[in-house]
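# Structural overview for review
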Amino acid sequence: MKLLASPTSPYARKLRVIAHELGLALPVEDTAPMTDPAALLAANPLGKVPALVLDDGSAIIDSPVIAAFLLASVPGQKLMAQSGHAHWQARTTEALADGVLDAAIILRFNMAQGITSGPWVDRQYRAIERALSVMNTRVGGSGFGDICIAVACDYLSFRFPDLHWREHNAALAELTDRLLATPAFAATRPPA
Ligand SMILES: N[C@@H](CCC(=O)N[C@@H](CS)C(=O)NCC(=O)O)C(=O)O
């Protein structure tokens, strides 16, 4: 299998860290989504990375679905509970962290068009702020959720250095610093 992904995609980073922690080989094929490469559109008609292409040529898309596939590939994995309340809470933490990324990416697309203010922009910042403060209370819920959180926080540091998300979110800051020092995060740091 191979992951179509750009080196800076935080959704792909989440998957690469998870694969690393699960001991799965996950080769990455450098793919720039905005140029609409044929291989990406064949795997994902939405034109987004990451997309996972399996050995039989079929594809799995959307990072939460790919994450679930990776976890299911390793029976007995310890990153996330298999079922029950803890399972759904871990997946909810993933949705929160992915939602922070979705809002951040909307902001970046707006910035690229020169739009840096207005109600739609403010709405994204408010969503990020609220989600961060809830994520701050969810640290330590699961290894999987913690990875999702740290990937999102480090993406904010990477793309929004003026956001100062650490100031009111001490648990997020401690978690992110701790996970950034692990081999999986070090190996997937986005290029400057
Ligand atoms: N929900 C998707 C979001 C993926 C996504 O937005 N990827 C960005 C790159 S980080 C992308 O491919 N954008 C291209 C586009 O929106 O056309 C996931 O979790 O995989």
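Refer to the structure presented above.
Here goes a summary of the coordinates provided. The residue count restarts for each chain, going from 1 along the sequence in the order it is written. Side-chain atom pairs in this predicted model are given and counted only at pLDDT of 80 or more, local residue features only at pLDDT of at least 70, and totals for whole chains, interfaces and linings cover all residues. With hydrogens and water set aside, each side-chain value is computed from the structure's full complement of heavy atoms.

Turning next to the site of the ligand. Around the ligand, the neighbouring residues are Ser9, Pro10, Tyr11, Pro33, Met34, Lys48, Val49, Pro50, Asp62, Ser63, Pro64 and Ile105. For the ligand, a nitrogen atom lies 2.8 Å from a polar atom in the backbone of Val49. Each polar contact in these results corresponds to two N or O atoms within 3.5 Å; when the atoms are within protein, one needs to be able to donate a hydrogen and the other to accept it, and residues that are neighboring in sequence are counted only if both atoms are side-chain atoms. Contact distances for the ligand include 2.6 Å between an oxygen atom and a side-chain N or O atom of Ser63. All accessibility values rest on the Shrake-Rupley procedure with a 1.4 Å probe; residue burial counts only the protein chains present in the view. Computed on the free molecule, the ligand has an accessible area of 510 Å², of which 82% lies beneath the protein chains in the complex. With a 1 Å grid laid over protein atoms only, a set of points is called a cavity when a 1.4 Å probe fits there but cannot get out and a pocket when it is open yet has protein on both sides within 12 Å along at least five of seven lines; lining residues have an atom within 4 Å of a point. Whether a molecule lies in a cavity or pocket depends on its atoms, and more than half of them have to be within 2 Å of the grid points. Of the pockets mapped on this structure, the ligand occupies the largest pocket. Amino acids are sorted into nonpolar (Ala, Val, Leu, Ile, Met, Phe, Trp, Tyr, Cys and Pro), charged (Asp, Glu, Lys and Arg) and polar (every other residue, Gly among them). Per-class residue counts for the shell around the ligand are 8 nonpolar, 2 polar and 2 charged. Proximity criterion: a residue is near a molecule or strand once any of its heavy atoms comes within 4 Å of it.

Another point: empty space enclosed by the protein. Grid points are joined across faces, edges and corners, and a volume is the space filled by probe spheres set on the points. Evaluation of the coordinates by the stated rule reveals 1 cavity of 30 Å³ or more. There is about 50 Å³ of room inside the largest cavity. Taken together, Pro7, Thr8, Ser9, Pro10, Arg13, Val151, Tyr155, Phe158, Thr188 and Pro190 form the lining of the largest cavity. Put simply, DSSP H or I for four residues or longer makes a helix, DSSP E for two residues or longer makes a strand, and each gets a number counted from the N terminus. Those elements giving two or more residues to the lining of the largest cavity turn out to be α1 (10-22) and α6 (143-159). Counting residues per element, the lining of the largest cavity draws most heavily on α6, at 3 residues. Residues that form the lining of the largest cavity fall into these classes: 6 nonpolar, 3 polar and 1 charged. Residue ranges assigned to the domains are those given by an automatic or database domain assignment. Here the lining of the largest cavity spans two domains, and each of domain 1 (2-72) and domain 2 (84-182) adds at least three residues to it.

With that out of the way, let us pick up the sheet that holds strand β4 (residues 59-61). Sheets are built from strands that pair by backbone hydrogen bonding, the pairs being arranged parallel or antiparallel. A strand pair is defined by DSSP finding two or more bridges across the two strands. Here 4 strands make up an open sheet; going across it, the order is β2-β1-β3-β4 and the pairing mixed. The open sheet has two edge strands with one neighbour each: β2 (28-30) and β4. Sheet twist, expressed as the mean angle between neighbouring strand axes with direction ignored, is 25°. Bridge count between strand β3 (residues 51-53) and β4: 3 bridges; the pairing is antiparallel. What counts as an axis is a line fitted to C-alpha atoms, over the stretch in contact for a helix, and the angles between N-to-C directions run from 0 to 180 degrees.

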